[in-house]
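# Working through the structure, step by step
Chain by chain, the residues run as shown.
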Amino acid sequence: VTVPKALVLGLGCALVDLLGARLLDSLGFVQGLLAPNGAQLLVLIPLACVYYGARLVTYFVLPALVVAALAFARPRTVAKKAFR
Amino acid sequence: MAKLGRAIRYLAVFGCAAIVPSTVLGHRSPEQDVAFARGVAHDVTSGVSAASFHTGSARFDGEWAFGTFLMATLGLGQVVLGHPEERAHFLPAMRQSAARLTQNQTNAFGTEAWGNVGLETLAEGHGHGYLGYANLALSMLRLIEPNTPQAQVNDELTEALAQRLAQAPHGLFETYPGEAYPPDISMVAGSIALHDCALGLSERPFMPAWRRTFARYVDPDSGLLYQAADAATGTPLGPPRGSGTAIAAYSLAFADRALSAHLYAGLRRQAVNLLGFGMMREYPAGHVGSGDIDSGPVLFGVGVSATGFALAAARLHRDDALFTRLYRTAELFGVPLGDSTSRHFMSGGPLGNAILLAMTTATPEWSRHCRRPAS
């Protein structure tokens with residue numbers, strides 16, 4: 001993963017984490033899950049899966065991706081400059 | 001070289017996953033406790049009732065409304081004990097929650113099970129073990145406000161529960177007809193002790209014998225409390241469980257710190273630590289079970305209720321390391337929202353937020369607020 005890709009992915013997941021929580025909260029996440037209303041569940045469950053997926057990626061995967069991308073970016077940049 | 005690069009990547013992934021989330025999550029401050037209490041106070045004063053829940057069972061809807069008022073009263077009381085300057089702010093919500101706990105509508109689930117109103121048959125009644133939960137909340141209110149409007153019902157309920165406990169041949173009486181639960185009885189004992197602490201009364205004469213009898217419901221192998229037992233014979237029914245042990249470790253801390261510590265030692269052996277995130281197994285080794293209304297969802301053996309209730313037990317027994325690990329998990333999946341004015345957990349709902357408030361603010365300092373026994 002390159003640094004720009006890691007940063008874009010990071011920004012995307014962090015945004016989903018930040019805004020998704022507020023969206024689910026405003027939709028009445030817990031009350032919605034408990035309510036026997038199929039239509040509401042059809043919206044809430046996929047949203048919650050995306051949200052929690054993004055949250056877990058944000059905390060557990062992204063930092064490593066960014067670190068790994070940075071660790072491997074420098075030699076490539078140096079190599080490109082040398083080539084030019 | 002390629003192998004080295006791959007090894008470094010794996011090391012980076014594992015290292016970051018082990019360090020970053022546990023560093024970022026798991027921090028709380030006293031100001032956040034107060035803001036969280038404001039969120040819960042707002043919930044309970046804005047019309048929570050059994051109709052707010054839709055579990056599919058009228059009894060469970062009623063129990064969840066009851067649980068919301070119970071936990072809110074306990075949590076707000078504990079926040080007031082730690083922040084006396086907030087007393088005037090939270091007392092109205094505590095009074096309102098406590099009043100709702102004693103209403104017939106809130107106790108309809110128990111009335112339906114028994115065929116009579118528990119609070120209206122205190123003198124001659126039996127059973128209704130769930131009233132121990134309400135009484136613990138009333139006793140907490142009593143500790144904060146000794147001359148509370150709920151004082152009389154707290155006194156009458158305490159006397160009735162104490163009488164039932166003293167007369168129980170095996171240290172248990174029924175919550176519902178034919179159903180007795182040691183964790184519920186631990187609430188009964190805790191509520192009596194907290195009432196007596198609030199009034200400066202000495203320990204009741206039957207309590208030492210009750211403690212010895214109650215110890216039989218602790219599984220010697222796992223150190224966990226049996227979730228259910230036969231009140232008539234004292235025979236444990238079903239496996240010992242994490243959720244019941246954790247809530248009993250909390251409530252028994254008001255009645256018998258040593259017994260609570262003994263349960264906590266067993267509970268601690270159920271702890272799972274995954275990258276700095278703490279969880280509690282619902283069933284001990286050798287027992288397999290699924291989730292139910294007590295445990296909440298059980299995923300890979302880890303119980304939601306056991307994990308949540310263990311927060312309080314960890315705080316009461318000053319186990320900061322485990323508390324922080326458990327709190328990280330609550331923060332990761334609960335998702336705190338709000339600001340310095342008011343906070344709540346996105347995935348909590350009224351009941352979950354009230355439980356988290358009560359469990360994260362539990363404090364052994366309650367005993368410093370007891371009235372001195374009259375000499």
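Look a little higher up for the structure.
My aim in this report is to walk through the structure given alongside it, one point at a time. These figures come from a predicted structure and were not determined experimentally. (Residues numbered from 1 in each chain as written. Chains lettered and ligands numbered in written order. Predicted model: local features only at pLDDT ≥ 70, side-chain atom pairs only at ≥ 80, totals over all residues. Heavy atoms only, no water.)

A word on the overall build of chain A. Of the regular secondary structure elements, chain A holds 3 helices and 0 strands. The order of helices and strands in chain A, counted from the N terminus, is α-α-α. Across the 84 residues that make up chain A, the buried fraction comes to 31%. When contacts within chain A are restricted to residue pairs at least 6 apart in sequence, long-range pairs at least 24 apart make up 64% of them. Total accessible area on chain A stands at roughly 5,300 Å², and carbon and sulfur atoms take up 75% of it. (Helix = DSSP H or I, 4+ residues; strand = E, 2+ residues; numbered from the N terminus. Buried < 20%, exposed > 50% of the residue type's maximum accessible area, 1.4 Å probe, protein only. Contact = heavy atoms within 4.5 Å. Areas by Shrake-Rupley, 256 points an atom, 1.4 Å probe, with all protein chains shown as cover.)

Residue and element names in this part refer to chain B. Considered as a void within the structure, the second largest pocket measures approximately 270 Å³ in volume. Lining of the second largest pocket is provided by 18 residues; of these, Ala193, Asp196, Cys197, Leu201 and Glu203 occupy positions nearest its centre. Listed by contribution, the elements that provide at least two residues to the lining of the second largest pocket are α8 (182–199) and α9 (207–214). The dominant element in the lining of the second largest pocket, judged by the number of residues it contributes, is α8, at 4 residues. Per-class residue counts for the lining of the second largest pocket are 10 nonpolar, 3 polar and 5 charged. (1 Å grid on protein atoms, 1.4 Å probe; cavity = no way out; pocket = protein on both sides within 12 Å on 5 of 7 lines; lining within 4 Å. Points joined across faces, edges and corners; volume = space filled by probe spheres on them. Nonpolar A, V, L, I, M, F, W, Y, C, P; charged D, E, K, R; others polar.)

All right, on to the pattern of salt bridges then. Where charged atoms of side chains with opposite charge meet at close range, the side chains can pair. All names here are of chain B. In total, this model carries 13 salt bridges over all chains according to the counting rule given. Residues aspartate 256 and arginine 211 are paired through a salt bridge, measuring 2.9 Å at the closest nitrogen-oxygen approach. In this pair, aspartate 256 is assigned in the loop between α10 (242–252) and α11 (257–268) and arginine 211 in helix α9, connecting sequence segments 45 residues apart. You'll find aspartate 256 and arginine 211 in the same group, each marked buried. For aspartate 292, the salt bridge is made with arginine 241, and the minimal N-O distance between the two is 2.9 Å. Residue aspartate 292 is found in the loop between β4 (277–280) and β5 (298–299), and its partner arginine 241 is found in strand β2 (residues 236–241); the two are separated by 51 residues along the sequence. Exposure remark for aspartate 292: the relative accessible area of 31% places this residue in the partly exposed category. Here the salt bridges do not stand alone but share partners, grouping Glu159, Asp196 and Arg204 into one network. (Salt bridge = Lys/Arg side-chain N within 4 Å of Asp/Glu carboxyl O.)

To continue, consider the interface of chain A and chain B. Each partner contributes to the interface: chain A provides 20 residues, whereas chain B provides 28 residues. With both sides pooled, the region where chain A packs onto chain B buries about 2,100 Å², and carbon together with sulfur makes up 75% of that total. When the buried area of chain A at its contact with chain B is split by residue, Leu34, Tyr59 and Phe60 of chain A rank highest and sum to 28% of it. For the interface between chain A and chain B, the tally reads 0 salt bridges. For the interface between chain A and chain B, the tally reads 4 residue pairs in polar contact (both at pLDDT 80 or more). At the level of elements, α1 (3–26), α2 (29–34) and α3 (38–83) of chain A are the ones that each hand at least two residues to the side of chain A that touches chain B. Top contributing element to the side of chain A that touches chain B by residue count: α3 of chain A, with 10 residues. (Buried area = accessible area lost by both parts, 1.4 Å probe. Polar contact = N/O pair within 3.5 Å; in protein donor to acceptor, adjacent residues only side chain to side chain.)

Moving on: the packing of aromatic side chains. When we look at a pair of aromatic rings, we describe it by the centre distance and by the angle of the planes. Residue and element names in this part refer to chain B. Inspection of the entire model under this criterion finds 14 aromatic pairs over all chains. When the ring of phenylalanine 36 is compared with that of phenylalanine 345, the centres are 5.2 Å apart and the planes differ by 65°; the resulting orientation is edge-to-face. Residue phenylalanine 36 is found in helix α2 (residues 30–44), and its partner phenylalanine 345 is found in strand β8 (residues 343–345); the two are separated by 309 residues along the sequence. Across this residue pair, the class does not change: phenylalanine 36 and phenylalanine 345 are buried. With centroids separated by 6.0 Å and ring planes inclined at 10°, the aromatic side chains of phenylalanine 323 and tyrosine 327 adopt a geometry described as stacked. Taken together, the positions of phenylalanine 323 and tyrosine 327, both in helix α13 (residues 320–334) and 4 residues apart, correspond to about one turn of that helix. The exposure class of phenylalanine 323 is buried, given its relative accessible area of 7%. Within the aromatic cluster, the residues linked to one another by ring pairs are Phe66, Phe109, Tyr130 and Tyr176. One residue, arginine 28, lies across the ring of tyrosine 327, its end atom 5.5 Å from the ring centre. If you follow arginine 315 out to its NZ or CZ, it ends over the ring of phenylalanine 323, 5.8 Å from the centre. (Phe/Tyr/Trp six-rings, centres within 6.5 Å; stacked < 30°, edge-to-face > 60°. Lys NZ or Arg CZ within 6 Å of the ring centre and 35° of its normal.)

This part is about helix α3 (residues 58–82) of chain B. The end-to-end C-alpha separation of α3 of chain B is 36 Å, in line with the 36 Å expected for 25 residues at 1.5 Å each. Where burial is concerned, most of α3 of chain B is hidden: 19 out of the 25 residues are buried. (Expected span 1.5 Å × (residues − 1).)

Next up on the list: a nonpolar patch on the surface. All names here are of chain A. On the surface, Leu11, Leu15, Leu18 and Leu19 cluster together into a nonpolar patch covering about 410 Å² of accessible area. If you trace the backbone, leucine 19 turns up in helix α1. Residue class for leucine 19 comes out exposed when judged on its relative accessible area of 52%. (Patch = residues over 30% accessible without salt bridge, like charges linked within 9 Å, V, L, I, M, F, W, Y side chains within 5 Å.)

Residue and element names in this part refer to chain B. Packing of α2 against helix α4 (residues 87–101) leaves a shortest axis separation of 10 Å and a crossing angle of 40°. Classified by the angle between their axes, α2 and α4 sit oblique to one another. The element α2 and its partner α4 pack so that their crossing is left-handed. Contacts between α2 and α4 involve Val34, Ala37, Arg38, Ala41 and Val44 from the first element and His89, Phe90, Ala93, Gln96 and Ser97 from the second. For the contact of α2 with α4, the residue count by class is 6 nonpolar, 3 polar and 1 charged. (Axes fitted to C-alpha atoms, helices over the stretch in contact; angles between N-to-C directions. Parallel < 35°, antiparallel > 145°, perpendicular 65-115°, else oblique. Left-handed = near helix turned anticlockwise from the far one by under 90°.)

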